[in-house]
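Residue strings, one per chain:
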Amino acid sequence: MIKILKYLKPYTHLALITVALVVVDSYVTLYLPDLMSQIVDKGITRGNVDYIWQTGAKMLLVSLIQVLAIIFMSLTSSKAAMGVGKDLRNHIFKKVQSFSLGEIDQFSTASLITRTTNDITQIQQAIVMILRMVIRAPVIAAGSIVMAVSKDAKLTMILLVSVPIAAVAMYFIFSKTMPLFKSMQKKIDRLNLVLRERVTGVRVIRAFNKEDHEKERFEKANVDLTQTALKVNRIGAVIFPIMMIVMNFTIIALVWFGSKQIDMGQLQVGSMMAVMQYVIQILFSFIMISMIFIFLPRASVSAQRVIEVLKTTPTVLQPSDPTEPTGKGVIRFEDVSFYYPGAKEAALENISFEAQPGKMTAIIGSTGSGKTTILNLIMRFYDVTRGTVKIDGVDVRHIPLERLRGMIGYAPQKAVIFSGTIADNIRFGRDELSNEDVLRAAEIAQVDEFTQKMPEGLNSPVAQGGTNLSGGQKQRISIARAIAGKPKIYLFDDTFSALDFKTDARVRAKLLKEVKDATVIIVAQRVATVMNADQIIVIKDGKVQGIGNHKQLMNTCPVYKDIVLSQLSEEEAVGGDSNGK
Ligand SMILES: Nc1ncnc2c1ncn2[C@@H]1O[C@H](COP(=O)(O)OP(=O)(O)OP(=O)(O)O)[C@@H](O)[C@H]1O
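These numbers come from a predicted model, not from an experiment.

(A) Seen up close, the overall build of the protein chain. Scanning the protein chain from terminus to terminus reveals 20 helices and 12 strands. Whereas a compact globule of 581 residues would reach a radius of gyration of roughly 25 Å, the protein chain reaches 36 Å, over 25% beyond that. Expressed as a percentage of its 581 residues, the buried residues of the protein chain come to 48%. A separation threshold of at least 6 residues defines the contact pool for the protein chain, and within that pool the share at least 24 residues apart is 78%. With the model as given, the accessible surface of the protein chain reaches about 29000 Å², and the carbon-plus-sulfur share is 61%.

Right, here's the structure in full:
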């Protein structure tokens, strides 16, 4: 938690004002019982009405000051805490942006969301508490002890019994609650994960009649969290009555011993009342401290989780010696091997090939063979474990990330659509693109074929995730986004499989004209999509099985032949032509 407090620095002025107001509030809290004892001892017992009026007015005035201090203290402490929360959310967001897919996998998306929302809310509450209570409670406790001793030291000795009892109770809460809070945040993660899967996978869940199963999964996570929260609250609920019992017995003891002293003429009624109030305040301070012990451990768990994200160094970093590739976009894999973080088996092993500008390179292979992984390494979503990926002779790890990704037009396997219009999705924040670029891309990717039927054309709105579009329509928008920027390199990850054969052929025909000077890598499962490529890379279990054009591979690569014959007849298979482009 202390590490998080450095984020309070920009709000030091608000924190200092809060602390100053806390001091005012604490001073008044300590001063009022003293005034009250004076009213009783000097005013009431002596029948001095003027003194009662004067001191009464003084009490009203300081109370008013206290009320104002408390109001402003709430304002300044909340402002400071909200500011820290806002800054932390910004920092986490920026950090997550810099993460490679490896770090995102490591934390899980659900946990990153909980850390940015729920954990930061806990920290905000803790900061308000630290600013207002952490200083006030000990100040009041210490001040009350001094004041009570100055009124009657003997009577104050009662605290020697009640304070240790209160301290034991506090230790009990601390030792029980800390581990529970840790598991509670994990359970909130779990609940978020189940909820996220439930909402995003709603179609599949319904299609497989798995609603009851999912409900059960959610119930389990929900009940689990509730039970832990109840346990924490139960501990909290026990401690409060314990403190009240301690306090009430202390008051009884005070009245008992106090009245005896008054009887003996050693103490005045007002002083006894003041000591009583100070003792109540001391014990209340202990209750406050125990509340702090309940909340601060929870917040410190949250703070650790937030710091963990902020401290993580992304594995994919900007180069320290940036080099700009100046060629036309030759991609070269030199003996590349890659293991996903934590994986025992290599996803890619000793991959070497070259993809030339003006040529189409296709990658084919069964599911899980490593095709997407090859594209991931070109864009540095992950860095290679061994070997080198080069563009125009420059290791991709030496190319500034924005420059590298700016050279590439990428359409992922699963189209990602954002809320906005279709044109917004194609342009995707790149202000340098003209309207003509967007229109041209829409035309090549056959987006205009379906937007023409929409009343607002390309400016038709799309729902978040593209729920009002078909799979093929989303894929066409994704292709248009990749080509709108006229990059040097195009990476299409099985992008055409969601299109019907006719649209697939039409899009590819137009696309090939458009990208004729660029380096194009197409990952595909369909033989029809790849058989006319200049170069086909056949991949199985992360290893290259053969590289060549369709005809060469039909003669030399049994794995390729198997794939082809599983999809095409013998006659169709022979029809491939490397110049078909
Ligand atoms: N994020 C990840 N973490 C760990 N392993 C992964 C991850 N992504 C993929 N893998 C593993 O790496 C291997 C290659 O996956 P990849 O996605 O490259 O296959 P693919 O050929 O593109 O498959 P498909 O055609 O089904 O998309 C698979 O065995 C997969 O289980």
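(B) Layout of the sheet that holds strand E2 (residues 348-355). Strand order in the open sheet made by the four strands is E2-E1-E4-E5, with antiparallel pairing throughout. One side of each edge strand has no neighbouring strand; the edge strands of this open sheet are E2 and strand E5 (394-395). Judged from the two bridges that link them, strand E4 (residues 386-391) and E5 form a sheet pairing that is antiparallel. Within E5, the residue paired with Ile391 across the bridge is Val394. Along the sheet face, helix H10 (residues 371-378) touches strand E1 (331-338), E2 and E4 and points at about 115° away from the line of E1.

(C) Region of interest: the nonpolar core. Within the largest apolar cluster, 50 residues are counted, with the highest numbers of intra-cluster contacts made by Ile426, Val447, Phe492, Ile536 and Tyr560. Ranked by residue count, the leading element in this core is helix H15 (residues 471-484), at six residues. In this structure, this core is formed jointly by two domains, domain 2 (328-407 + 488-581) and domain 3 (413-486), each of which donates at least three residues. Here Tyr560 is in contact with Ile364, Val527, Val530, Met531, Ile536, Val538, His550, Leu553 and Met554, once residues within four sequence places are set aside. With 33 residues, the next largest nonpolar core counts Phe181, Ala253, Ile287 and Val301 among its residues.

(D) Focus on the UniProt feature "transmembrane region" (unreviewed entry) in the protein chain. With numbering matched to this structure, UniProt assigns "transmembrane region" (unreviewed entry) to residues 12-32, 52-72, 130-149, 155-174, 235-258 and 278-296. Segment residues 52-72 splits into 100% helix and 0% strand. End C-alpha atoms: 30 Å apart. Secondary structure content for residues 155-174 is 90% helix and 0% strand, and the end C-alpha separation is 30 Å.

(E) Quick peek at the domain arrangement of the protein chain. When cut into domains, the protein chain gives domain 1 (4-311), domain 2 (328-407 + 488-581) and domain 3 (413-486). For domain 1 versus domain 2, the separation of C-alpha centres amounts to 60 Å.

(F) Here's a closer look at the environment of Arg115. Tracing the chain through its elements places Arg115 in helix H4 (residues 109-151). Considered as a pair, Arg115 and Ala303 are 188 residues apart in the sequence and their alpha carbons are 9.1 Å apart. Those residues within four positions of Arg115 in sequence are excluded, and the remaining contacts are Ile92, Phe107, Ile120, Arg305, Val306, Glu308 and Val309. Reaching out from Arg115, the side chain makes a polar contact with the side chain of Ser111 at a distance of 2.8 Å.

(G) Structural context of the sheet that holds strand E12 (residues 543-548). Spatially, E6-E9-E10-E3-E11-E12 is the arrangement adopted by the six strands of the open sheet, whose pairing is mixed. Of all the strands in the sheet, the pair left with one neighbour each is strand E6 (408-411) and E12. Each neighbouring strand pair of the sheet contributes to a mean axis angle of 15°, computed without reference to strand direction. Pairing geometry for strand E11 (residues 535-540) and E12, over five bridges, is antiparallel. Looking at E12, one finds that Lys540 is bridged to Lys543. Here helix H19 (residues 558-567) sits on the sheet in contact with strand E3 (360-364), E11 and E12, set at roughly 95° to E11.

(H) Representation of the side chain of Thr228 within the structure. For Thr228, the position within the fold is in helix H8 (residues 211-263). Thr228 gets classed as buried once you look at its relative accessible area, which sits at 5%. Contacts of Thr228, omitting those with residues within four sequence positions, involve Leu180, Ser183, Met184 and Lys187.

(I) Quick look at unusual backbone geometry. Even without being a glycine, Ser108 presents a positive backbone phi close to 75°. Overall, Ser108 belongs to the partly exposed group, its relative accessible area being 27%. Positioned with a positive phi, Asn350 is a non-glycine residue whose angle comes to about 45°. When you line up the elements, Asn350 lands in strand E2. Take Asn350: its relative accessible area is 43%, and that puts it in the partly exposed class.

(J) Representation of the pattern of salt bridges in the model. Counted under the stated rule, the structure contains 20 salt bridges. In this structure, Glu211 engages Arg198 in a salt bridge whose closest nitrogen and oxygen atoms are separated by 3.8 Å. Placement of the pair is Glu211 in helix H8 and Arg198 in helix H6 (residues 159-200), with a sequence separation of 13 residues. Its relative accessible area of 31% is what places Glu211 among the partly exposed residues. On the basis of relative accessible area, Arg198 is assigned to the partly exposed category, the value being 23%. With a closest N to O distance of 3.0 Å, Arg397 and Asp395 form a salt bridge. On the accessibility criterion, Arg397 (28% relative accessible area) is partly exposed. Since its relative accessible area comes to 12%, Asp395 is described here as buried. Each of Arg332, Glu334, Glu354 and Lys390 takes part in one network of salt bridges that share partners.

(K) Representation of the site of the ligand within the structure. Gly368, Lys371, Thr372, Thr373 and Gln413 are the nearest of the 14 residues found near the ligand. Thr373 has a polar side-chain atom sitting 2.4 Å from an oxygen atom of the ligand. One of the side-chain nitrogen or oxygen atoms of Gln413 is found 2.8 Å away from an oxygen atom of the ligand. Taking 640 Å² as the accessible area of the ligand by itself, protein coverage stands at 63%. Looking at the shell around the ligand element by element, the count peaks at three residues for H10.

(L) Representation of the side chain of Arg508. Mapping Arg508 onto the fold places it in helix H16 (residues 501-514). With sequence-adjacent residues up to four places away left out, Arg508 is seen in contact with Phe496, Ala528 and Thr529.

(M) Highlighting the environment of Thr177. When you line up the elements, Thr177 lands in helix H6. Relative accessible area serves as the criterion here: at 0%, Thr177 is assigned to the buried category. Separated by 118 residues in sequence, Thr177 and Phe295 have C-alpha atoms that sit 9.4 Å apart. Residue contacts for Thr177: discarding those within four places in its chain leaves Val232, Ile235 and Phe293.

Rules and cut-offs
- Residues numbered from 1 in each chain as written.
- Predicted model: local features only at pLDDT ≥ 70, side-chain atom pairs only at ≥ 80, totals over all residues.
- Heavy atoms only, no water.
- Helix = DSSP H or I, 4+ residues; strand = E, 2+ residues; numbered from the N terminus.
- Rg over C-alpha atoms; globule rule 2.2 N^0.38 Å.
- Buried < 20%, exposed > 50% of the residue type's maximum accessible area, 1.4 Å probe, protein only.
- Contact = heavy atoms within 4.5 Å.
- Areas by Shrake-Rupley, 256 points an atom, 1.4 Å probe, with all protein chains shown as cover.
- Pairing = 2+ DSSP bridges.
- Axes fitted to C-alpha atoms, helices over the stretch in contact; angles between N-to-C directions.
- Core = buried A, V, L, I, M, F, W, Y, C linked by side-chain atoms within 4.5 Å.
- Domains from an automatic or database assignment.
- UniProt positions renumbered as here; feature names shortened; annotations may be inferred.
- Polar contact = N/O pair within 3.5 Å; in protein donor to acceptor, adjacent residues only side chain to side chain.
- Salt bridge = Lys/Arg side-chain N within 4 Å of Asp/Glu carboxyl O.
- Near = heavy atom within 4 Å.

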